[in-house]
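The lines below spell out each chain.
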Amino acid sequence: MRIYCEKDYDAMSRRAANLISAEVIRRPDCVLGLATGSTPEGTYKQLVAWNQRGDFSFKEVRSVNLDEYRGLAPDHDQSYRYFMQKHLFDHVDIRPENTWVPDGLAEDPAAECARYDELIRSLGYADLQLLGVGRNGHIGFNEPDEDFMKPTHVVDLAENTIDANARFFASRDEVPKQAFTMGIGCIMAARRVLLLASGTNKADAIYNAVCGPITPRCPGSILQLHNDVVLVGDEAALSKLIEAGVCVCG
Ligand code: GLP
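Colleague: An account of the packing of helix 2 (residues 41-52) against helix 3 (residues 80-87) is needed here, citing residue identities and associated values.
Modeller: At a minimum axis distance of 9 Å, the contact between helix 2 and helix 3 shows a crossing angle of 40 degrees. Classified by the angle their axes make, helix 2 and helix 3 are oblique. The segment helix 2 lies against helix 3, with Glu41, Tyr44 and Val48 engaging Phe83, Met84 and His87. The class makeup of the residues in the contact of helix 2 with helix 3 is four nonpolar, one polar and one charged.

Right under this line is the structure:
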């Protein structure tokens, strides 16, 4: 695992945007696995700026998102489709038909999961999979569990995930209780994984993912078995790795 320890959120975002744009420049028709949450917002902002300046193009890029709340329409302002439009797709030259997010309103959830897995397989899996991490170690919406779930599936969100995401909704009651998520199988099939983390509230999750036992109790720990993971974090998120001597900052 390659670790970039950056001094703050902005530096983390620039580093991540650099790595993503390098991938797109090297492989203009690459498949990007994309993530939502507050962590990658700065990364997307930087990519938008460089794309609008003409530094690189998303014209041939295909993108597949990790997850979507079950029950939210694409135009719901907390849906992950809406997030992607707002923070990236509406501002860059990616073709709308080349962007995929699970359908939160799918009437047959099992069929939607199978369709999404088949779609990702047919694209040849992600060349670069962007990931954030939940405070409980979740990746995508793969929550701590008894087993690693390989396929795309519907997940019951953990109570602490609902708590963490309630800040985006008018009230906790409005947070959906379920989500569609890409499984561990597609995430691990990505050629490269770019894991981002910012803030002290991610320090334990990052330490457990990188140094803890590989266990579905901390889904991010599966990344220890991937042969090309790049972790980009700020000093706060990496503080426990720094303490343990796993990385140095600056
Ligand atoms: C959300 C998303 C994840 C994200 C994580 C952390 O629930 N499903 O993909 O990585 O939680 O979110 P944030 O970046 O806002 O801390």
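Colleague: Could you give an account of the side chain of glutamate 143, naming the residues involved and the relevant values?
Modeller: Along the chain, the position of glutamate 143 falls in the loop between strand 6 (128-131) and strand 7 (153-156). Among the polar contacts made by the side chain of glutamate 143, one reaches the side chain of asparagine 136 at a distance of 3.0 Å. In terms of polar contacts, glutamate 143 uses its side chain to reach the side chain of histidine 138, at 3.0 Å. The contacts of glutamate 143, once residues within four sequence positions are left out, are Asn136, His138, Val155, Asp156, Leu157, Ala158, Thr161, Pro216 and Pro219.

Colleague: Which residues make up the state of the cysteines, and what are the values?
Modeller: Applying the stated criterion across every chain yields a total of one disulfide. Put simply, cysteine 5 and cysteine 249 are joined by a disulfide, and their sulfur atoms are 2.3 Å apart. The S-S bond linking cysteine 5 to cysteine 249 shows a torsion near -90 degrees; that makes this disulfide left-handed. A residue pair is termed long-range when its members are at least 10 positions apart, and cysteine 5 in strand 1 (residues 2-6) and cysteine 249 in the segment after helix 8 (239-243) qualify at 244 residues. Under the relative-accessibility criterion, cysteine 5 is labelled buried at 12%. The class of cysteine 249 is partly exposed, set by a relative accessible area of 25%. Cysteine cysteine 247 shares no disulfide, and the gap to the nearest cysteine sulfur, in cysteine 5, comes to 5.0 Å.

Colleague: Explain helix 7 (residues 203-211) residue by residue, including any values.
Modeller: Helical geometry note: an α-helix holds 3.6 residues per turn, so side chains three or four residues apart project in the same direction. Within the sequence span of helix 7, burial applies to Ala203, Ala205, Ile206, Ala209 and Val210. An end-on view of helix 7 places all buried positions within 165 degrees of arc, on one side of the element. For helix 7, the elements touching its buried residues are strand 9 (192-197), strand 10 (229-234) and helix 8.

Colleague: How would you explain the site of the ligand if you had to name every residue and give the values?
Modeller: If you check the shell around the ligand, you find 14 residues, and the closest are Ser38, Thr39, Asp67, Asn165 and Lys202. Within the backbone of valine 133, one N or O atom sits 3.5 Å away from an oxygen atom of the ligand. Histidine 138 is positioned with one of its side-chain polar atoms (N or O) 3.1 Å from an oxygen atom of the ligand. Protein coverage of the free-state accessible area of the ligand, which is 390 Å², stands at 95%. In this structure the site holding the ligand corresponds to the largest pocket. Here the shell around the ligand is composed, by residue class, of three nonpolar, eight polar and three charged.

Colleague: Outline the layout of surface pockets, supporting the account with residue identities and numerical values.
Modeller: Once rolled over the atoms, a probe with the size of a water molecule shows which space is left empty. Size it by volume and the largest pocket reaches roughly 650 Å³. Elements represented by at least two residues in the lining of the largest pocket include exactly strand 4 (67-69), helix 3 and helix 5 (159-165). Ranked by residues supplied to the lining of the largest pocket, first place goes to helix 3 with five residues. A class-by-class count of the residues in the lining of the largest pocket yields eleven nonpolar, 16 polar and seven charged.

Colleague: Please provide a residue-by-residue account of the pattern of salt bridges, values included.
Modeller: Applying the stated criterion across every chain yields a total of 16 salt bridges. Measuring nitrogen to oxygen at the nearest pair gives 3.4 Å for the salt bridge that ties arginine 27 to aspartate 127. Residue arginine 27 is found in the loop between helix 1 (9-26) and strand 2 (31-34), and its partner aspartate 127 is found in the loop between helix 4 (109-122) and strand 6; the two are separated by 100 residues along the sequence. A residue is classified by how much of its surface remains accessible, and arginine 27, at 27% relative accessible area, is partly exposed. Arginine 115 is the salt-bridge partner of glutamate 112, the closest N and O atoms lying 2.9 Å from each other. Residue glutamate 112 and its partner arginine 115 are both found in helix 4; the two are separated by three residues, about one turn of the helix.

Colleague: I'd love a proper account of the sheet that holds strand 6, names of residues and values included.
Modeller: Across the sheet, seven strands lie side by side as 1-10-9-6-2-3-5; this open sheet has parallel pairing. Looking at strand neighbours, the two that pair on one side only are strand 1 and strand 5 (99-100), the edges of this open sheet. Bridge count for strand 1 against strand 10 is five bridges, and the pairing is parallel. Within strand 10, the residue paired with cysteine 5 across the bridge is glycine 233.

What counts, and at which threshold
- Residues numbered from 1 in each chain as written.
- Predicted model: local features only at pLDDT ≥ 70, side-chain atom pairs only at ≥ 80, totals over all residues.
- Heavy atoms only, no water.
- Axes fitted to C-alpha atoms, helices over the stretch in contact; angles between N-to-C directions.
- Helix = DSSP H or I, 4+ residues; strand = E, 2+ residues; numbered from the N terminus.
- Parallel < 35°, antiparallel > 145°, perpendicular 65-115°, else oblique.
- Contact = heavy atoms within 4.5 Å.
- Nonpolar A, V, L, I, M, F, W, Y, C, P; charged D, E, K, R; others polar.
- Polar contact = N/O pair within 3.5 Å; in protein donor to acceptor, adjacent residues only side chain to side chain.
- Disulfide = S-S within 2.5 Å.
- Buried < 20%, exposed > 50% of the residue type's maximum accessible area, 1.4 Å probe, protein only.
- Arc of directions from axis to C-beta.
- Near = heavy atom within 4 Å.
- Areas by Shrake-Rupley, 256 points an atom, 1.4 Å probe, with all protein chains shown as cover.
- 1 Å grid on protein atoms, 1.4 Å probe; cavity = no way out; pocket = protein on both sides within 12 Å on 5 of 7 lines; lining within 4 Å.
- Sits in = over half its atoms within 2 Å of the grid points.
- Points joined across faces, edges and corners; volume = space filled by probe spheres on them.
- Salt bridge = Lys/Arg side-chain N within 4 Å of Asp/Glu carboxyl O.
- Pairing = 2+ DSSP bridges.

Purely spatial values, then, with no claim about function.
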